[in-house]
Amino acid sequence: MFDEKLDFIDRWLPARYTSSVNMILKKDKKNPAYIRHVKNTRTNDEKIIDALYKVAQLNKLQVGN
């Protein structure tokens, strides 16, 4: 399931996503560089991966595919 989530994120995450991820995280905001690091290295940070997945889902809905 983890790999499927990451594949979905790679496909649907918009170019600018760090501020959206921090909006989802609310109290537990992270440095944008750390968010990009988790995405690019596929680090197992469940909170960040879940937030990235939600942003990717929203982007997919907005694109309409």
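See above for the structure.
Residues numbered from 1 in each chain as written. Predicted model: local features only at pLDDT ≥ 70, side-chain atom pairs only at ≥ 80, totals over all residues. Heavy atoms only, no water.

1. Remarks on the side chain of Asn 22
When you line up the elements, Asn 22 lands in helix H2 (residues 18–25). Since its relative accessible area comes to 11%, Asn 22 is described here as buried. Once residues lying within four places of it in the same chain are set aside, the contact partners of Asn 22 are Lys 29, Lys 30 and Ile 35. (Helix = DSSP H or I, 4+ residues; strand = E, 2+ residues; numbered from the N terminus. Buried < 20%, exposed > 50% of the residue type's maximum accessible area, 1.4 Å probe, protein only. Contact = heavy atoms within 4.5 Å.)

2. Quick notes on the packing of aromatic side chains
A complete count under the given rule lists one aromatic pair for this structure. Centre to centre, the rings of Phe 8 and Tyr 53 are 5.2 Å apart; their planes meet at 55 degrees, and the pair counts as tilted. A residue pair is termed long-range when its members are at least 10 positions apart, and Phe 8 in helix H1 (residues 2–12) and Tyr 53 in helix H4 (residues 46–63) qualify at 45 residues. Residue class for Phe 8 comes out buried when judged on its relative accessible area of 19%. Exposure remark for Tyr 53: the relative accessible area of 21% places this residue in the partly exposed category. (Phe/Tyr/Trp six-rings, centres within 6.5 Å; stacked < 30°, edge-to-face > 60°.)

3. Here's the deal with helix H3 (residues 32–41)
Each full turn of the α-helix corresponds to 3.6 residues, which orients residues three or four apart in the same direction. Regarding H3, its N-cap is Asn 31, as a side-chain oxygen of that residue lies 2.9 Å from the backbone nitrogen of Ala 33 further along. After H3 finishes, the residue Arg 42 shows a positive phi value of roughly 60 degrees. (Polar contact = N/O pair within 3.5 Å; in protein donor to acceptor, adjacent residues only side chain to side chain.)

4. A word on the environment of Arg 36
Summarising the element assignment, Arg 36 is placed in helix H3. Taking relative accessible area as the criterion, Arg 36 reaches 37% and is therefore assigned partly exposed. A C-alpha to C-alpha distance of 17 Å links Arg 36 and Asn 59, two positions 23 residues apart in sequence. Those residues within four positions of Arg 36 in sequence are excluded, and the remaining contacts are Tyr 17 and Thr 18.

5. Concerning the packing of H2 against H3
For the pair H2 and H3, interaxial distance at closest approach is 10 Å and the crossing angle is 100 degrees. Judged by the angle between their axes, H2 and H3 are roughly perpendicular. Contacts between H2 and H3 involve Thr 18, Val 21 and Asn 22 from the former and Pro 32, Ile 35 and Arg 36 from the latter. Looking at the contact of H2 with H3 residue by residue, the class counts come to three nonpolar, two polar and one charged. (Axes fitted to C-alpha atoms, helices over the stretch in contact; angles between N-to-C directions. Parallel < 35°, antiparallel > 145°, perpendicular 65-115°, else oblique. Nonpolar A, V, L, I, M, F, W, Y, C, P; charged D, E, K, R; others polar.)

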